[in-house]
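Understanding the architecture of this molecule
This is what each chain is made of:
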Amino acid sequence: PSCVVKYYPPYRDFAKLRGLRVVRIAVHPDLTGRGLGSFALKSLCDEAEKEGFDWVGAGFGADRQLLNFWLKNGFVPIHISPMRNVVSGEFSVVVVKPLNKSAEDSIRDIYREFKVRLLESLPDTYYNLDPYIAAQLLSVQKWSFRESLCLTPSQHERLLKYTRGVLTYEAACDSVRKMLKTHFLSSGKFRSSLDLKTEAEIISRCLQCRSWDKTAEIIKIHPVELKSDLRLNVGRLAAYYEAAEL
(Lines give C-alpha, C1' and ligand atoms only; values in the text may rest on other atoms or scores of the structure.)
Protein backbone atom coordinates (compact mmCIF):
# COMPACT_ATOMS: atom_id res chain seq x y z
CA PRO A 1 0.00 0.00 0.00
CA SER A 2 2.80 2.47 0.76
CA CYS A 3 4.19 2.02 -2.78
CA VAL A 4 0.77 2.69 -4.30
CA VAL A 5 0.21 5.81 -2.20
CA LYS A 6 3.69 7.13 -3.01
CA TYR A 7 3.91 6.34 -6.73
CA TYR A 8 0.24 6.24 -7.79
CA PRO A 9 -1.57 8.93 -5.74
CA PRO A 10 -4.83 8.75 -7.76
CA TYR A 11 -5.22 5.15 -6.55
CA ARG A 12 -4.56 5.79 -2.86
CA ASP A 13 -7.88 4.14 -1.97
CA PHE A 14 -6.06 0.84 -2.54
CA ALA A 15 -4.58 1.41 0.93
CA LYS A 16 -8.05 0.86 2.38
CA LEU A 17 -8.07 -2.75 1.15
CA ARG A 18 -6.84 -5.58 3.37
CA GLY A 19 -3.95 -7.75 2.26
CA LEU A 20 -1.21 -10.15 3.26
CA ARG A 21 2.49 -9.83 2.45
CA VAL A 22 4.65 -12.86 1.76
CA VAL A 23 7.94 -12.02 3.45
CA ARG A 24 9.81 -15.28 2.76
CA ILE A 25 9.11 -18.36 0.67
CA ALA A 26 11.59 -21.14 0.03
CA VAL A 27 11.70 -24.78 -1.03
CA HIS A 28 14.45 -27.19 -0.03
CA PRO A 29 17.00 -27.50 -2.88
CA ASP A 30 16.35 -31.25 -3.14
CA LEU A 31 12.63 -30.61 -3.79
CA THR A 32 12.63 -27.70 -6.23
CA GLY A 33 10.88 -27.93 -9.58
CA ARG A 34 7.99 -30.01 -8.26
CA GLY A 35 5.42 -27.23 -7.87
CA LEU A 36 5.64 -27.04 -4.08
CA GLY A 37 6.22 -23.28 -4.03
CA SER A 38 3.26 -22.70 -6.34
CA PHE A 39 1.12 -25.02 -4.21
CA ALA A 40 2.06 -23.07 -1.07
CA LEU A 41 1.12 -19.76 -2.72
CA LYS A 42 -2.19 -21.10 -4.01
CA SER A 43 -3.05 -22.47 -0.57
CA LEU A 44 -2.21 -19.14 1.03
CA CYS A 45 -4.30 -17.17 -1.50
CA ASP A 46 -7.27 -19.55 -1.10
CA GLU A 47 -7.13 -19.17 2.68
CA ALA A 48 -6.73 -15.38 2.47
CA GLU A 49 -9.73 -15.10 0.15
CA LYS A 50 -11.89 -17.17 2.50
CA GLU A 51 -10.88 -14.92 5.40
CA GLY A 52 -11.95 -11.80 3.49
CA PHE A 53 -8.60 -10.38 2.46
CA ASP A 54 -8.46 -8.40 -0.79
CA TRP A 55 -4.96 -9.17 -2.01
CA VAL A 56 -1.70 -11.02 -1.39
CA GLY A 57 1.60 -9.35 -2.25
CA ALA A 58 5.38 -9.65 -2.06
CA GLY A 59 8.57 -7.70 -2.73
CA PHE A 60 11.92 -9.11 -3.86
CA GLY A 61 15.09 -8.47 -5.83
CA ALA A 62 14.05 -9.53 -9.31
CA ASP A 63 15.98 -11.99 -11.43
CA ARG A 64 14.48 -13.83 -14.41
CA GLN A 65 13.70 -17.10 -12.64
CA LEU A 66 12.25 -15.56 -9.49
CA LEU A 67 10.11 -13.06 -11.38
CA ASN A 68 8.79 -15.83 -13.64
CA PHE A 69 7.74 -17.81 -10.54
CA TRP A 70 5.56 -14.99 -9.25
CA LEU A 71 4.12 -14.09 -12.65
CA LYS A 72 3.10 -17.66 -13.48
CA ASN A 73 1.25 -17.77 -10.16
CA GLY A 74 -0.97 -14.84 -11.12
CA PHE A 75 0.86 -12.00 -9.38
CA VAL A 76 1.00 -8.61 -11.11
CA PRO A 77 4.00 -6.23 -10.86
CA ILE A 78 3.03 -2.75 -9.69
CA HIS A 79 6.37 -1.22 -8.69
CA ILE A 80 10.07 -1.42 -9.49
CA SER A 81 12.58 0.46 -7.36
CA PRO A 82 14.45 3.34 -9.01
CA MET A 83 17.75 2.08 -7.55
CA ARG A 84 19.36 -1.35 -7.31
CA ASN A 85 19.35 -3.01 -3.89
CA VAL A 86 22.79 -2.58 -2.31
CA VAL A 87 22.73 -6.18 -1.02
CA SER A 88 21.24 -8.20 -3.90
CA GLY A 89 22.38 -5.92 -6.72
CA GLU A 90 18.92 -6.30 -8.29
CA PHE A 91 16.05 -3.89 -8.77
CA SER A 92 13.37 -4.60 -6.17
CA VAL A 93 9.93 -5.43 -7.55
CA VAL A 94 6.57 -5.42 -5.77
CA VAL A 95 3.89 -7.83 -7.02
CA VAL A 96 0.25 -8.21 -6.00
CA LYS A 97 -2.42 -10.81 -6.65
CA PRO A 98 -6.00 -9.51 -6.36
CA LEU A 99 -8.47 -11.80 -4.61
CA ASN A 100 -11.73 -10.04 -5.53
CA LYS A 101 -13.19 -7.66 -8.11
CA SER A 102 -12.55 -4.50 -6.10
CA ALA A 103 -8.86 -5.29 -5.75
CA GLU A 104 -8.65 -6.48 -9.36
CA ASP A 105 -10.10 -3.22 -10.70
CA SER A 106 -7.50 -1.25 -8.77
CA ILE A 107 -4.60 -3.49 -9.73
CA ARG A 108 -5.62 -3.38 -13.42
CA ASP A 109 -5.43 0.42 -13.47
CA ILE A 110 -2.27 0.57 -11.38
CA TYR A 111 -0.55 -1.98 -13.62
CA ARG A 112 -1.21 0.15 -16.68
CA GLU A 113 0.30 3.17 -14.90
CA PHE A 114 3.23 0.97 -13.91
CA LYS A 115 3.82 0.06 -17.56
CA VAL A 116 3.66 3.70 -18.64
CA ARG A 117 6.21 4.65 -16.00
CA LEU A 118 8.54 1.77 -16.86
CA LEU A 119 8.38 2.38 -20.62
CA GLU A 120 9.11 6.07 -20.25
CA SER A 121 12.01 5.35 -17.86
CA LEU A 122 13.75 2.57 -19.80
CA PRO A 123 16.28 4.87 -21.51
CA ASP A 124 17.01 6.68 -18.24
CA THR A 125 16.48 5.14 -14.78
CA TYR A 126 16.31 1.57 -16.11
CA TYR A 127 18.79 1.80 -19.00
CA ASN A 128 20.81 -1.07 -17.47
CA LEU A 129 17.87 -3.24 -16.41
CA ASP A 130 18.05 -6.74 -17.88
CA PRO A 131 15.82 -6.43 -20.98
CA TYR A 132 14.44 -9.92 -20.35
CA ILE A 133 13.22 -8.75 -16.93
CA ALA A 134 11.73 -5.62 -18.53
CA ALA A 135 9.89 -7.84 -21.02
CA GLN A 136 8.60 -10.05 -18.18
CA LEU A 137 7.37 -7.01 -16.24
CA LEU A 138 5.44 -5.85 -19.32
CA SER A 139 4.03 -9.29 -20.14
CA VAL A 140 0.88 -9.61 -17.99
CA GLN A 141 -2.07 -10.41 -20.27
CA LYS A 142 -4.76 -10.76 -17.60
CA TRP A 143 -6.88 -7.93 -19.04
CA SER A 144 -7.63 -6.89 -22.61
CA PHE A 145 -6.76 -3.30 -23.47
CA ARG A 146 -6.09 -1.58 -26.81
CA GLU A 147 -3.67 1.34 -26.89
CA SER A 148 -4.16 3.56 -29.93
CA LEU A 149 -1.24 4.05 -32.32
CA CYS A 150 -0.83 7.80 -32.87
CA LEU A 151 1.75 8.64 -35.52
CA THR A 152 2.16 11.87 -37.44
CA PRO A 153 1.98 11.51 -41.24
CA SER A 154 5.77 11.80 -41.43
CA GLN A 155 6.29 9.18 -38.71
CA HIS A 156 3.89 6.85 -40.47
CA GLU A 157 5.70 7.13 -43.80
CA ARG A 158 9.14 6.72 -42.25
CA LEU A 159 7.99 3.67 -40.29
CA LEU A 160 6.77 2.03 -43.48
CA LYS A 161 9.94 2.94 -45.36
CA TYR A 162 12.04 1.41 -42.58
CA THR A 163 10.08 -1.86 -42.67
CA ARG A 164 10.54 -1.97 -46.47
CA GLY A 165 14.29 -1.43 -46.25
CA VAL A 166 14.26 2.08 -47.72
CA LEU A 167 15.37 3.84 -44.52
CA THR A 168 17.74 2.80 -41.75
CA TYR A 169 16.48 2.21 -38.22
CA GLU A 170 18.20 5.41 -37.09
CA ALA A 171 16.05 7.43 -39.53
CA ALA A 172 12.80 6.01 -38.14
CA CYS A 173 13.63 5.29 -34.49
CA ASP A 174 11.07 7.78 -33.14
CA SER A 175 8.30 6.09 -35.14
CA VAL A 176 9.43 2.65 -34.01
CA ARG A 177 9.46 3.68 -30.34
CA LYS A 178 5.93 5.05 -30.56
CA MET A 179 4.68 1.83 -32.08
CA LEU A 180 6.49 -0.29 -29.50
CA LYS A 181 4.86 1.65 -26.68
CA THR A 182 1.50 0.89 -28.30
CA HIS A 183 2.48 -2.78 -28.32
CA PHE A 184 3.55 -2.96 -24.68
CA LEU A 185 0.62 -0.89 -23.38
CA SER A 186 -1.86 -3.09 -25.23
CA SER A 187 -2.76 -6.41 -23.64
CA GLY A 188 -4.90 -9.51 -23.90
CA LYS A 189 -6.66 -10.06 -27.22
CA PHE A 190 -5.48 -6.68 -28.53
CA ARG A 191 -1.76 -7.41 -28.23
CA SER A 192 0.36 -9.00 -30.92
CA SER A 193 2.08 -12.18 -29.82
CA LEU A 194 5.88 -12.06 -29.57
CA ASP A 195 8.21 -14.42 -27.73
CA LEU A 196 10.23 -13.19 -24.74
CA LYS A 197 13.53 -13.13 -26.62
CA THR A 198 12.10 -10.93 -29.37
CA GLU A 199 10.60 -8.52 -26.87
CA ALA A 200 13.89 -8.36 -24.94
CA GLU A 201 15.67 -7.63 -28.22
CA ILE A 202 13.45 -4.70 -29.16
CA ILE A 203 13.47 -3.35 -25.60
CA SER A 204 17.26 -3.37 -25.44
CA ARG A 205 17.86 -1.71 -28.81
CA CYS A 206 14.84 0.56 -29.24
CA LEU A 207 13.60 1.47 -25.74
CA GLN A 208 16.79 1.30 -23.69
CA CYS A 209 18.75 2.71 -26.64
CA ARG A 210 21.67 0.27 -26.38
CA SER A 211 24.01 -0.03 -29.34
CA TRP A 212 23.62 -2.76 -31.96
CA ASP A 213 26.74 -4.51 -30.66
CA LYS A 214 25.70 -4.38 -26.99
CA THR A 215 22.20 -5.62 -27.76
CA ALA A 216 23.60 -8.43 -29.92
CA GLU A 217 25.87 -9.41 -27.05
CA ILE A 218 22.97 -9.54 -24.58
CA ILE A 219 20.66 -11.46 -26.91
CA LYS A 220 23.54 -13.64 -28.14
CA ILE A 221 23.15 -13.12 -31.88
CA HIS A 222 25.26 -11.47 -34.58
CA PRO A 223 24.67 -7.71 -35.06
CA VAL A 224 23.78 -8.28 -38.72
CA GLU A 225 21.16 -10.85 -37.70
CA LEU A 226 19.87 -8.45 -35.05
CA LYS A 227 19.31 -5.71 -37.64
CA SER A 228 17.46 -8.12 -39.90
CA ASP A 229 15.33 -9.50 -37.07
CA LEU A 230 14.41 -6.04 -35.84
CA ARG A 231 13.27 -4.82 -39.24
CA LEU A 232 11.21 -7.98 -39.73
CA ASN A 233 9.55 -7.84 -36.31
CA VAL A 234 8.85 -4.12 -36.52
CA GLY A 235 7.20 -4.80 -39.87
CA ARG A 236 4.98 -7.46 -38.32
CA LEU A 237 3.99 -5.17 -35.46
CA ALA A 238 3.32 -2.26 -37.80
CA ALA A 239 1.01 -4.40 -39.92
CA TYR A 240 -0.82 -5.66 -36.80
CA TYR A 241 -1.35 -2.33 -35.04
CA GLU A 242 -2.03 -0.30 -38.15
CA ALA A 243 -4.67 -2.83 -39.17
CA ALA A 244 -6.23 -2.50 -35.70
CA GLU A 245 -6.67 1.24 -36.28
CA LEU A 246 -8.62 0.74 -39.52
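Residues numbered from 1 in each chain as written. Predicted model: local features only at pLDDT ≥ 70, side-chain atom pairs only at ≥ 80, totals over all residues. Heavy atoms only, no water.

**Section: the layout of surface pockets**
Here the largest pocket defines a volume of roughly 420 Å³. Taken together, 16 residues make up the lining of the largest pocket; nearest its centre are Val27, Thr32, Gly33, Gln65 and Phe69. Broken down by secondary-structure element, the contributors of at least two residues to the lining of the largest pocket are helix H2 (36–50) and helix H3 (64–72). Considering every element that reaches the lining of the largest pocket, the biggest residue donor is H3, with 5 residues. A breakdown of the residues in the lining of the largest pocket according to their chemical character gives 7 nonpolar, 7 polar and 2 charged. Taken as a whole, the second largest pocket holds about 320 Å³ of empty space. (1 Å grid on protein atoms, 1.4 Å probe; cavity = no way out; pocket = protein on both sides within 12 Å on 5 of 7 lines; lining within 4 Å. Points joined across faces, edges and corners; volume = space filled by probe spheres on them. Helix = DSSP H or I, 4+ residues; strand = E, 2+ residues; numbered from the N terminus. Nonpolar A, V, L, I, M, F, W, Y, C, P; charged D, E, K, R; others polar.)

**A word on the sheet that holds strand S4 (residues 91–98)**
Spatial ordering of the open sheet is given by S1-S2-S4-S3, a layout of 4 strands whose pairing is mixed. Looking at which strands have only one partner, the edges of the open sheet turn out to be strand S1 (19–22) and strand S3 (76–84). Sheet twist, expressed as the average angle between the axes of neighbouring strands with direction ignored, equals 20°. In this structure, S1 lies alongside strand S2 (residues 55–61), joined through 4 bridges in parallel fashion. Within S2, the position partnered with Arg21 by the bridge is Gly57. Sheet strands in contact with helix H4 (residues 101–121) are S3 and S4, and its direction is about 35° off that of S3. (Pairing = 2+ DSSP bridges. Axes fitted to C-alpha atoms, helices over the stretch in contact; angles between N-to-C directions. Contact = heavy atoms within 4.5 Å.)

**A few points about the packing of H4 against helix H7 (residues 169–185)**
The interhelical angle for the contact between H4 and H7, taken along N-to-C directions, is 150°, at an axis separation of 10 Å. With respect to H7, the element H4 is oriented roughly antiparallel. In the crossing of H4 with H7, the sense of the turn from one axis to the other is right-handed. On the side of H4, the interface is formed by Arg112, Lys115, Val116, Leu119 and Glu120, while H7 contributes Lys181, Phe184 and Leu185. Residue composition of the contact of H4 with H7, grouped by class: 4 nonpolar, no polar and 4 charged. (Parallel < 35°, antiparallel > 145°, perpendicular 65-115°, else oblique. Left-handed = near helix turned anticlockwise from the far one by under 90°.)

**A few points about the nonpolar core**
Of all hydrophobic cores here, the largest spans 73 residues; its most connected members are Trp70, Ile80, Leu118, Leu122, Leu129 and Leu137. The element best represented in this core is H7, accounting for 8 residues. Discounting chain neighbours no more than four positions away, the residues touching Trp70 are Val22, Ile25, Leu41, Ala58, Phe60, Phe75 and Val95. (Core = buried A, V, L, I, M, F, W, Y, C linked by side-chain atoms within 4.5 Å. Buried < 20%, exposed > 50% of the residue type's maximum accessible area, 1.4 Å probe, protein only.)

**A few points about the side chain of Arg205**
Its location among the elements puts Arg205 in helix H8 (residues 196–207). Looking at Arg205, the relative accessible area reads 10%, which means it is buried. A distance of 2.9 Å separates the side chain of Arg205 from the backbone oxygen of Arg210, its partner in a polar contact. Beyond its immediate stretch of four places on either side in the chain, Arg205 contacts Tyr169, Glu170, Arg210, Ser211, Trp212, Thr215 and Leu230. (Polar contact = N/O pair within 3.5 Å; in protein donor to acceptor, adjacent residues only side chain to side chain.)

**Considerations on the environment of Gly37**
Note that Gly37 resides in helix H2. Classification of Gly37 as buried rests on a relative accessible area of 9%. Taking the C-alpha atoms as reference points, Gly37 and Val27, separated by 10 residues in sequence, lie 6.4 Å from one another. Those residues in contact with Gly37, other than ones at most four positions away along the chain, are Ile25, Val27 and Phe69.

**Looking at the pattern of salt bridges**
All chains considered together, the criterion is met by 12 salt bridges. Across the pair Arg108 and Asp105 runs a salt bridge, and its minimum N-O distance is 3.3 Å. On the criterion of helical spacing, the pair formed by Arg108 and Asp105 is a turn pair, its members being 3 residues apart in helix H4. The exposure class assigned to Asp105 is partly exposed, which follows from its relative accessible area of 23%. Here Glu120 ties to Lys181 by a salt bridge, and the two come within 3.3 Å at their closest N and O atoms. Taken together, the residues span a long stretch of sequence, with Glu120 in helix H4 and Lys181 in helix H7 at a distance of 61 residues. Classification of Lys181 as partly exposed rests on a relative accessible area of 23%. (Salt bridge = Lys/Arg side-chain N within 4 Å of Asp/Glu carboxyl O.)

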